[in-house]
Amino acid sequence: MTRLLTNETDGGELTRKAVTLLAEATALQGTLHLPGVRDDYRSRLEQVVLLATQALDNAGESREVALLQWVLIQAFAARAEDARYGAGQLSRGSQRAPTLEDCEDGWQRVEQIAGTAEEAALGAAGFTRLLDTAKARAMARRAEVAAKAARNIVLERNRAYTFHADPGFSFGEGWYLAAAALFAGLSIQIRPGAAQEVQARRFLFDAGLDGALRPYRSRPASPKHLTHIIAEAFRADAQKAQCTLRAAFLGDESPSAALLSWIDGKVGGKPEQKVLLWVRTGDHHVQRNTCFDELRQLSELVVNAGLTPIFFGDKVPLELVPPSAVNLALCWKETLFQGPEMRRAQLQLFEELRCRHGLVGQIGVTTAGMDGPALMGLPTLYLTQERNVRLGRWVGAVPGYQEVVREPGYLEIIRTTLHQWQQ
């Protein structure tokens, strides 16, 4: 083919341009990872196909026809392989998209790219039948393999969301996923052998979501979508959404005698209205952890409003706990909240505190543990350094859900809200 390039295409300007562009594109293949190079590569391949196709219509000599067919086979094979790469890259980005709409839009484009790969493979196969050489058949086979791989990316898309059942992951994200699945019929997967797999499956079964479970696969859908789905359900009908979650999460059965006895032993002697103060000290996103100076101020605000603080979550320094407070920090580690019904037991705890022990609201940093009771109706103030795009969607949608940005005067906002809760 090199001899043909030099000796047989002098009379065809389009042919020379197509061959030159193909050589330039091929030379870029080792640097496609560099910024802007792949776009240049794709543009050159597109021009090769256009020029070679046009030249083929005007070609007279059989040897020039053979050259153009070989050029087109190479260009189509390269386009198929590039499309397979593009489909893979875009599919990963689409799975991590911030909303379900963005995710679906991304996957539609992935499917279009897979179609491009298939069209290129068909083009290569067509010219290979005409040229009928071993090299052409090998190149067409490469295009076919790339096209099938691109299509498999679409066919093997994992639509399930992972319900994390490992203590190393956020316990509270389970509330997101279960709620979103109830509203939008999402598929759910649990990693086999996870430390709390049994507890997670029990919660989903009790919530009526066992039919949503799918076998575990890699590359699950992104949990970023979940808050958006929940917000849409609440904006459509907040009362219906809340009733749906309460029925699924709490069920019809009364809390166990052991749980009721435990609650009475911890808070039964304090009849005052109460506020949950959440404490977060995790390793994940440490910038979102509780600031203990701020926690002290919050506790003082609660007490001054005539309310009793209940410390809940991670360990809190004892010197921050006033005599009137209830300290339930780390209670979630107790056997009562680690058994098969651990998730429902924790939600029943919040519900019992609200219905029989004067719990009027909760305050904390952006920890997902707060969101179970928040979605079921417990008034919530969550503190954040800047506006939270994901959780901000719930403000104005989930009743009683309020974002408090740490700006000048934010403690006054909390003080005012506490007096509203107290009344």
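Computed from a predicted structure; not experimentally measured. (Residues numbered from 1 in each chain as written. Predicted model: local features only at pLDDT ≥ 70, side-chain atom pairs only at ≥ 80, totals over all residues. Heavy atoms only, no water.)

1. Topic: the overall build of the protein chain
Here is step 1: The helix and strand tally for the protein chain stands at 16 helices and eight strands.
Here is step 2: The globule rule puts the C-alpha radius of gyration for 423 residues at 22 Å, and the 31 Å found for the protein chain is more than 25% above it.
Here is step 3: Principal axes of the C-alpha set define a box for the protein chain whose edges measure 100 × 45 × 35 Å.
Here is step 4: Sorting the 423 residues of the protein chain into buried and exposed places 50% on the buried side.
Here is step 5: Long-range contacts, defined here as pairs at least 24 residues apart, represent 68% of the contacts in the protein chain between residues at least 6 apart.
Here is step 6: Accessible area of the protein chain: about 20,300 Å², with a carbon and sulfur share of 51%. (Helix = DSSP H or I, 4+ residues; strand = E, 2+ residues; numbered from the N terminus. Rg over C-alpha atoms; globule rule 2.2 N^0.38 Å. Buried < 20%, exposed > 50% of the residue type's maximum accessible area, 1.4 Å probe, protein only. Contact = heavy atoms within 4.5 Å. Areas by Shrake-Rupley, 256 points an atom, 1.4 Å probe, with all protein chains shown as cover.)

2. So, the environment of Asn-158
Here is step 1: Assignment of secondary structure puts Asn-158 in the loop between helix 6 (134-155) and strand 1 (160-162).
Here is step 2: Using a relative accessible area of 6% as the deciding quantity, one classes Asn-158 as buried.
Here is step 3: Residues Asn-158 and Ser-187 lie 29 residues apart in sequence; the distance between their C-alpha atoms is 9.4 Å.
Here is step 4: Each residue touching Asn-158, except ones within four places of it in the same chain, is listed here: Gln-95, Gln-189, Arg-217, Ser-218, Arg-219, Pro-220 and Ala-221.
Here is step 5: A polar atom in the side chain of Asn-158 sits 3.3 Å from the side chain of Gln-189. (Polar contact = N/O pair within 3.5 Å; in protein donor to acceptor, adjacent residues only side chain to side chain.)

3. Observations regarding the packing of aromatic side chains
Here is step 1: If you walk through the whole model with that rule in mind, you get 14 aromatic pairs.
Here is step 2: Where Trp-278 meets Phe-350, the ring centres are 5.8 Å apart and the plane angle is 50 degrees; that geometry is what we call tilted. Separated by 72 residues along the polypeptide, Trp-278 in strand 3 (residues 274-279) and Phe-350 in helix 13 (residues 342-356) bring together distant segments of the chain. Each of the two residues, Trp-278 as well as Phe-350, counts as buried.
Here is step 3: Summarising the aromatic geometry, the rings of Trp-394 and Tyr-401 are spaced 5.3 Å apart at their centres and angled 65 degrees between planes, so their arrangement reads as edge-to-face.
Here is step 4: Joined through ring pairs, the aromatic side chains of Phe-163, Phe-171, Trp-175, Phe-203 and Phe-249 make up one cluster.
Here is step 5: Its guanidinium or amino end placed over the ring of Trp-175, Arg-343 lies 5.1 Å from that ring's centre, counting from NZ or CZ. (Phe/Tyr/Trp six-rings, centres within 6.5 Å; stacked < 30°, edge-to-face > 60°. Lys NZ or Arg CZ within 6 Å of the ring centre and 35° of its normal.)

4. Overview of the pattern of salt bridges
Here is step 1: As enumerated under the stated definition, the model contains 24 salt bridges in all.
Here is step 2: Residue Glu-24 pairs with Arg-44 through a salt bridge whose shortest N-O separation is 2.3 Å. Here Arg-44 lies in helix 3 (residues 37-58) and Glu-24 lies in helix 2 (residues 13-27), a separation of 20 residues in the sequence.
Here is step 3: What makes Arg-44 partly exposed here is its relative accessible area of 22%.
Here is step 4: Note that Arg-202 and Asp-206 form a salt bridge whose closest N and O atoms lie 3.1 Å from each other. Here Asp-206 and Arg-202 lie together in helix 8 (residues 197-206), a separation of four residues that amounts to about one turn.
Here is step 5: Three or more residues joined by partner-sharing salt bridges are found here, namely Arg-38, Asp-39, Arg-42 and Asp-82. (Salt bridge = Lys/Arg side-chain N within 4 Å of Asp/Glu carboxyl O.)

5. Observations concerning unusual backbone geometry
Here is step 1: Its identity as a non-glycine residue notwithstanding, Arg-219 has a phi of 50 degrees, on the positive side.
Here is step 2: Relative to the assigned elements, Arg-219 resides in the loop between helix 8 and helix 9 (224-236).
Here is step 3: Unusually for a residue other than glycine, Leu-330 sits at a positive phi of about 70 degrees.
Here is step 4: Its place among the elements puts Leu-330 in the loop between strand 5 (326-329) and helix 13.
Here is step 5: Taking the relative accessible area as the measure of exposure, Leu-330 reaches 29% and is therefore partly exposed.

6. Considering the packing of helix 9 against helix 10 (residues 238-250)
Here is step 1: Relative to each other, helix 9 and helix 10 sit at 125 degrees, their axes nearing to 5 Å. On the basis of their axis angle, the class for helix 9 and helix 10 is oblique. For the pair formed by helix 9 and helix 10, the contact residues are Ala-233, Phe-234 and Ala-236 on the first element and Ala-238, Ala-241, Gln-242 and Leu-245 on the second.
Here is step 2: The residue makeup of the contact of helix 9 with helix 10, split by class, is six nonpolar, one polar and no charged. (Axes fitted to C-alpha atoms, helices over the stretch in contact; angles between N-to-C directions. Parallel < 35°, antiparallel > 145°, perpendicular 65-115°, else oblique. Nonpolar A, V, L, I, M, F, W, Y, C, P; charged D, E, K, R; others polar.)

7. A look at the confidence of the model for the protein chain
Here is step 1: Summary statistics for the protein chain give a mean pLDDT of 92 and a share of 97% for residues scoring 70 or more.
Here is step 2: Low confidence marks residues 1-11, where pLDDT is under 50. Its contacts with residues over four positions away, or in another chain, come to 15 contacts. (pLDDT = per-residue confidence, 0-100.)

8. Some thoughts on the sheet that holds strand 7 (residues 380-384)
Here is step 1: With parallel pairing, the six strands of this open sheet are ordered in space as 5-4-3-6-7-8. In this open sheet, the two edge strands, each paired with only one partner strand, are strand 5 and strand 8 (401-405). Here the average twist between neighbouring strands, direction ignored, is 20 degrees.
Here is step 2: Sheet analysis places strand 3 next to strand 6 (residues 359-365), joined by four bridges and oriented parallel. Note on strand 6: the bridge partner recorded for Lys-274 is Leu-359.
Here is step 3: Along the sheet, helix 12 (residues 292-304) contacts strand 3, strand 4 (308-313), strand 6 and strand 7; its crossing angle with strand 3, the most-contacted strand, is approximately 175 degrees. (Pairing = 2+ DSSP bridges.)

9. Considering the packing of helix 12 against helix 16 (residues 410-422)
Here is step 1: At a minimum axis separation of 10 Å, helix 12 and helix 16 run at an interaxial angle of 30 degrees. Crossing handedness for the pair helix 12 and helix 16: right-handed. Residue-level inspection shows Glu-294, Gln-297, Leu-298, Leu-301 and Val-302 of helix 12 in contact with helix 16, the latter providing Tyr-410, Leu-411, Ile-414, Arg-415 and Leu-418. (Left-handed = near helix turned anticlockwise from the far one by under 90°.)

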